[in-house]
Amino acid sequence: STRCVDPMRILLSGLGRDAYPTGICRVAANHASALVSGRVAEQVILAIGSWQRELYSTLLGPCPEIELVHVNIKNNSLSRNHWFAAELPRMARRFGASLVHYSFPAPVLRKRFPCPVAVTLHDLYPYDAPENFEFPNYFANRLILRQCLRNVDGVACVSSSTRSRLEELFPNAACRAAIGVTGN
C-alpha cells in the first residue's frame, strides 16, 4: 500500500545575542545546511534576530533552500527568553513545523508546540563554569537549562564529554540524548 507522508518542515532557532560568529551560530548554520544538503527536510526555516542578518548571510552564503525569518525584538535576555517561550511556538504553528530545534538551551513551554522539540547542548557551563555568567546570573542560566532539558523531546550533544556530563547532572534528559551534531 502507498503511504502518504507529510513533508518534513524543520524550524531552527538561530536567534541569539551575538552578531558575530560564535560556536552556537556556526552550529545553527551548519545544522541548517546539513538538513538541506542531506535532503532531510523539504523546508528548513531558520529564525534569527534582526541584528544577525549579516552574520547568517555570511555563514550560509547564498542558500535559497533555507528560509531566514528575521525576528524584530530587543536584543536583551528578557526579550529573547520571552520570544523563545511565547513566540517560537506560534511560529511553529504558522509554518506547520514538523520539528522545532533550539540551537542552545532556552525557555521551552512544551505544551504550546504542535510538534516535537529538540535542543543542541554545547556544554553545561551554568554548572561547570558559572563564572562565565557572573553572580547571580548563573542561577537564571541553571534554571533555564533545567527547564529546557525537562521539556524537550530530544537533546543533541555536541560531544561525548557533553553527553557524559549530561548523564551525571540530568540522567532523565540523558536518556533522550544523542551525540554528534553538525559543526562547532
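Computed from a predicted model, the values in this text were never measured in an experiment.

J.: Teacher, can you tell me more about the overall build of the chain here?
T.: Regarding its fold elements, the chain presents 7 helices and 7 strands. In terms of overall dimensions, the chain is globule-like: its C-alpha atoms have a radius of gyration of 16 Å, near the 16 Å expected for 184 residues. In terms of overall dimensions, the chain has a C-alpha envelope of 50 × 40 × 30 Å along the principal axes. Burial analysis of the chain (184 residues in total) assigns 45% to the buried set. Long-range contacts, defined as pairs at least 24 residues apart, comprise 59% of the intrachain contacts of the chain with a sequence gap of at least 6. With the model as given, the accessible surface of the chain reaches about 9700 Å², and the carbon-plus-sulfur share is 51%. Each charge sign in the chain was given a centre, from 20 positive and 14 negative side chains, and these centres are 7 Å apart.

J.: Just checking my understanding: could you explain the side chain of His122 for this structure?
T.: Note that His122 resides in the loop between strand S5 (117-121) and helix H4 (125-128). By relative accessible area, which is 15% here, His122 ends up buried. From its side chain, His122 meets the backbone oxygen of Ser103 in a polar contact 2.7 Å long.

J.: I would appreciate a short explanation of the layout of surface pockets in the present structure.
T.: Where empty space is left in the structure can be found by rolling a water-sized probe over the atoms. Quantified by volume, the largest pocket comes out at close to 1000 Å³. Around the largest pocket, the lining comprises 29 residues; the ones closest to its centre are Arg17, Ile24, Phe104, Phe133 and Asn141. The set of elements that each furnish at least two residues to the lining of the largest pocket consists of helix H1 (23-37), helix H3 (77-95), H4 and helix H5 (137-151). Broken down by element, the lining of the largest pocket gets its largest block of residues, 5 residues, from H5. Here the lining of the largest pocket is composed, by residue class, of 14 nonpolar, 10 polar and 5 charged.

J.: How should I be thinking about the pattern of salt bridges in this particular structure?
T.: For side chains bearing opposite charge, pairing can occur when the charged atoms are close. By the definition in use, this model includes 6 salt bridges. Residues Asp128 and Arg165 are paired through a salt bridge, measuring 2.7 Å at the closest nitrogen-oxygen approach. Here Asp128 is found in helix H4, whereas its partner Arg165 is found in helix H6 (residues 160-169), with 37 residues between them in sequence. Overall, Asp128 belongs to the partly exposed group, its relative accessible area being 39%. Residue classification places Arg165 among the partly exposed residues on the basis of a relative accessible area of 25%. Residue Glu168 is joined to Arg165 by a salt bridge in which the shortest nitrogen-to-oxygen separation is 2.7 Å.

J.: Explain H6 here, please?
T.: Residues that lie three or four places apart on an α-helix share one face, since the helix turns once every 3.6 residues. Buried residues of H6: Thr162, Arg163 and Leu166, and no others. What you see down the axis of H6 is that its buried residues fit within an arc of 100 degrees, all on one side. Counted as exposed and oriented over 90 degrees from the buried face of H6: Ser161 and Glu168.

J.: Can you walk me through empty space enclosed by the protein in this structure?
T.: For the structure on display, the rule yields 1 cavity of 30 Å³ or more. When its volume is computed, the largest cavity comes out at roughly 50 Å³. In terms of lining, the largest cavity is formed by Leu12, Ser13, Val27, Ala28, His31, His101, Tyr102, Ser103 and Thr120. Breaking the lining of the largest cavity down by element, the ones donating at least two residues are strand S1 (9-13), H1 and strand S4 (99-102).

Basis of the calculations
- Residues numbered from 1 in each chain as written.
- Predicted model: local features only at pLDDT ≥ 70, side-chain atom pairs only at ≥ 80, totals over all residues.
- Heavy atoms only, no water.
- Helix = DSSP H or I, 4+ residues; strand = E, 2+ residues; numbered from the N terminus.
- Rg over C-alpha atoms; globule rule 2.2 N^0.38 Å.
- Buried < 20%, exposed > 50% of the residue type's maximum accessible area, 1.4 Å probe, protein only.
- Contact = heavy atoms within 4.5 Å.
- Areas by Shrake-Rupley, 256 points an atom, 1.4 Å probe, with all protein chains shown as cover.
- Lys, Arg positive; Asp, Glu negative; His and termini not counted.
- Charge placed at Lys NZ, Arg CZ, Asp CG, Glu CD.
- Polar contact = N/O pair within 3.5 Å; in protein donor to acceptor, adjacent residues only side chain to side chain.
- 1 Å grid on protein atoms, 1.4 Å probe; cavity = no way out; pocket = protein on both sides within 12 Å on 5 of 7 lines; lining within 4 Å.
- Points joined across faces, edges and corners; volume = space filled by probe spheres on them.
- Nonpolar A, V, L, I, M, F, W, Y, C, P; charged D, E, K, R; others polar.
- Salt bridge = Lys/Arg side-chain N within 4 Å of Asp/Glu carboxyl O.
- Arc of directions from axis to C-beta.

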